[in-house]
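Working through the structure, step by step
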Amino acid sequence: MSNVEDFLSVQEEQEIIAAIRKAERSTSGEIRVHIEAHTDADHFDRALEVFHLLKMDNTRLQNGVLIYVAVADKSFVIYGDEGINNVVPNDFWNSTRDIMSKHFRQGNFKQGLIEGVLKAGIELQQHFPWDIDTHEDELPNEISKS
Ligand code: CA
């Protein structure tokens, strides 16, 4: 599987976007998903690059999280902004990563993304609760592709 368009159907994308909306209802953190086929770059470096390209470093609390997936490379990275890294332990994303890995290994890409997004929301909630006074949807929930 190397074509990004084959990776998720329109319906599946909508389900993932719904998961992002749901996750963001419990936290001020902002979650985005970016999917591409392949990169020659190191995956972590590429995730960082995409994070900046999507202007995810512009959130008020610096609590954006990018779930970056390189489909053909069978690789993904969960990258959180400084505001998160400053207050969480180093293994903060391990549980989210493990859930996603489990589903991806079984070929359940949509379910892996949905459960990863929801788990990220739950983890973020502990440190960045939803705030009714200041909350706004700072970053688009649509899936980004390249
Ligand atoms: Ca959002």
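It should be noted that the structure appears before, not after, this text.
Conventions adopted
- Residues numbered from 1 in each chain as written.
- Predicted model: local features only at pLDDT ≥ 70, side-chain atom pairs only at ≥ 80, totals over all residues.
- Heavy atoms only, no water.
- Helix = DSSP H or I, 4+ residues; strand = E, 2+ residues; numbered from the N terminus.
- Rg over C-alpha atoms; globule rule 2.2 N^0.38 Å.
- Buried < 20%, exposed > 50% of the residue type's maximum accessible area, 1.4 Å probe, protein only.
- Contact = heavy atoms within 4.5 Å.
- Lys, Arg positive; Asp, Glu negative; His and termini not counted.
- Charge placed at Lys NZ, Arg CZ, Asp CG, Glu CD.
- Core = buried A, V, L, I, M, F, W, Y, C linked by side-chain atoms within 4.5 Å.

1. Points about the overall build of the protein
Assigned secondary structure in the protein consists of six helices and four strands. Walking the protein from its N terminus toward its C terminus, one meets helices and strands in the order α-α-β-α-β-β-α-α-α-β. Over its C-alpha atoms the protein spans a radius of gyration of 14 Å, differing by no more than 12% from the 15 Å that the globule rule assigns to 146 residues. Within the span of the protein, comprising 146 residues, buried residues form 47% of the whole. Across the protein, every contact between residues at least 6 apart in sequence was considered, and the portion connecting residues at least 24 apart equals 70%. Of the side-chain charges in the protein, 14 are positive and 26 negative, and the distance between the mean point of each set is 6 Å.

2. Regarding the nonpolar core
If you look at the biggest cluster of nonpolar residues, it comprises 30 residues, and the most contacted ones within it are Val33, Ile35, Val69 and Leu113. Sequence-distant contacts of Leu113, that is, excluding residues within four places in its chain, are made with Phe7, Leu8, Ile16, Val33, Ile35, Ile67, Val69, Met100 and Phe104. Membership of the second largest hydrophobic core comes to eleven residues, among which are Ala47, Leu54, Tyr68 and Val77.

3. Side note on unusual backbone geometry
Keep in mind that most residues, glycine aside, have a negative phi and that most peptide bonds are trans. Positive phi outside glycine occurs at Gln62, with the angle close to 50°. According to the relative accessible area criterion, Gln62 is partly exposed, its value standing at 32%.

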